[in-house]
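What follows is the residue order along each chain.
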Amino acid sequence: MIKLFGVFVSKSIVLLGILELIVFFLSFHGAVFLHADYHLPEDLISDDRLTSTAALFASVMFSAMLSLGLYQPGSMVQTSGFLVRLFLAFSIGSAATGIIYYTLQDYFLTDRTLWGYSVMLSFLGVLTSRTIFIRLISDDTLKRRVL
């Protein structure tokens, strides 16, 4: 257990959060790769907008998932409740990134196709990482402890 902001959190839940933050960041890069017909243009690789847009996308989507309680120990026990929360988190995160991207168009990459690809890739990445997480981690970690 790690004490984070005055709350004890399981190390495996923290590891899952870091893994999914990386998944969000890399999914935006994958979306750029898909949108550019499987090769990245040189001017886009050296552009700081790619990194800043990917970091913004990752932080907004991660905070949307965090705000809906998807990193609590009991959140993955019921599959239906988890999927509803996950869909709602992606809806809120997508709306928030859309508002930010189109408000600050000069600072970020604002193509709708990139945005759609990155949401789809990150959704698949989160489902894959959660599936692997559930297979590797014991059931005691997922249960809520009550004294």
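For clarity, every value in this text was computed on a predicted model and none was experimentally measured.

On to the overall build of the protein chain, then. What the protein chain contains, in helices and strands, is 6 helices and 2 strands. When the elements of the protein chain are put in sequence order from the N terminus, they spell out β-β-α-α-α-α-α-α. Counting the 147 residues in the protein chain, one finds 35% classified as buried. A total accessible area of about 9,000 Å² is found for the protein chain, and carbon and sulfur atoms account for 66% of it.

A word on the pattern of salt bridges. For the coordinates displayed, the defined rule picks out 1 salt bridge. Put simply, Arg-130 and Glu-20 hold a salt bridge, and the shortest N to O gap is 2.6 Å. Pair noted here: Arg-130 is in helix 5 (residues 112-136) and Glu-20 is in helix 1 (residues 11-35), with a separation of 110 residues, a long-range link. Each member of the pair, Arg-130 as well as Glu-20, carries the same accessibility label: buried.

This paragraph deals with a nonpolar patch on the surface. On the surface, a cluster of nonpolar side chains totalling about 280 Å² of accessible area is made up of Ile-18, Ile-22 and Leu-26. By relative accessible area, Ile-18 is classed as partly exposed at 47%.

Take helix 4 (residues 79-103) next. Note on helix geometry: an α-helix contains 3.6 residues per turn, so any two residues three or four positions apart are oriented the same way. For helix 4, with 25 residues, the first-to-last C-alpha span of 36 Å sits near the 36 Å given by 1.5 Å per residue. By the burial criterion, the buried members of helix 4 are Phe-82, Leu-86, Ala-89, Phe-90, Gly-93, Ser-94, Thr-97, Gly-98 and Tyr-101. Structurally, helix 4 contributes buried residues whose contacts are with helix 1, helix 3 (48-67) and helix 5.

The next thing to look at is the nonpolar core. Within the largest apolar cluster, 25 residues are counted, with the highest numbers of intra-cluster contacts made by Phe-24, Phe-28, Phe-57, Met-65, Leu-86 and Phe-90. Contributing elements (two or more residues each) for this core: helix 1, helix 3, helix 4 and helix 5. For this core, the element with the highest residue contribution is helix 3, accounting for 8 residues. Apart from residues no more than four positions distant in its own chain, Phe-90 is found in contact with Phe-24, Met-61, Met-65, Val-119, Ser-122, Phe-123 and Val-126.

A few words on the side chain of Ser-94. Turning to its location among the elements, Ser-94 is positioned in helix 4. On the accessibility criterion, Ser-94 (14% relative accessible area) is buried. Of the polar contacts made by the side chain of Ser-94, one reaches the backbone oxygen of Phe-90; its length is 2.7 Å. In this view, Ser-94 contacts Met-61, Trp-115 and Val-119; residues no more than four positions away in its chain are not counted.

Two quantities define a packed helix pair, namely the angle between the axes and the distance from one axis to the other. Direction vectors running N to C along helix 1 and helix 5 enclose 145°, while the axes themselves pass 8 Å from each other. As for the relative orientation of helix 1 and helix 5, their crossing is right-handed in sense. Each residue belonging to the contact of helix 1 with helix 5 can be placed in one class, and the counts come to 14 nonpolar, 9 polar and 2 charged.

Criteria and thresholds
- Residues numbered from 1 in each chain as written.
- Predicted model: local features only at pLDDT ≥ 70, side-chain atom pairs only at ≥ 80, totals over all residues.
- Heavy atoms only, no water.
- Helix = DSSP H or I, 4+ residues; strand = E, 2+ residues; numbered from the N terminus.
- Buried < 20%, exposed > 50% of the residue type's maximum accessible area, 1.4 Å probe, protein only.
- Areas by Shrake-Rupley, 256 points an atom, 1.4 Å probe, with all protein chains shown as cover.
- Salt bridge = Lys/Arg side-chain N within 4 Å of Asp/Glu carboxyl O.
- Patch = residues over 30% accessible without salt bridge, like charges linked within 9 Å, V, L, I, M, F, W, Y side chains within 5 Å.
- Expected span 1.5 Å × (residues − 1).
- Contact = heavy atoms within 4.5 Å.
- Core = buried A, V, L, I, M, F, W, Y, C linked by side-chain atoms within 4.5 Å.
- Polar contact = N/O pair within 3.5 Å; in protein donor to acceptor, adjacent residues only side chain to side chain.
- Axes fitted to C-alpha atoms, helices over the stretch in contact; angles between N-to-C directions.
- Left-handed = near helix turned anticlockwise from the far one by under 90°.
- Nonpolar A, V, L, I, M, F, W, Y, C, P; charged D, E, K, R; others polar.

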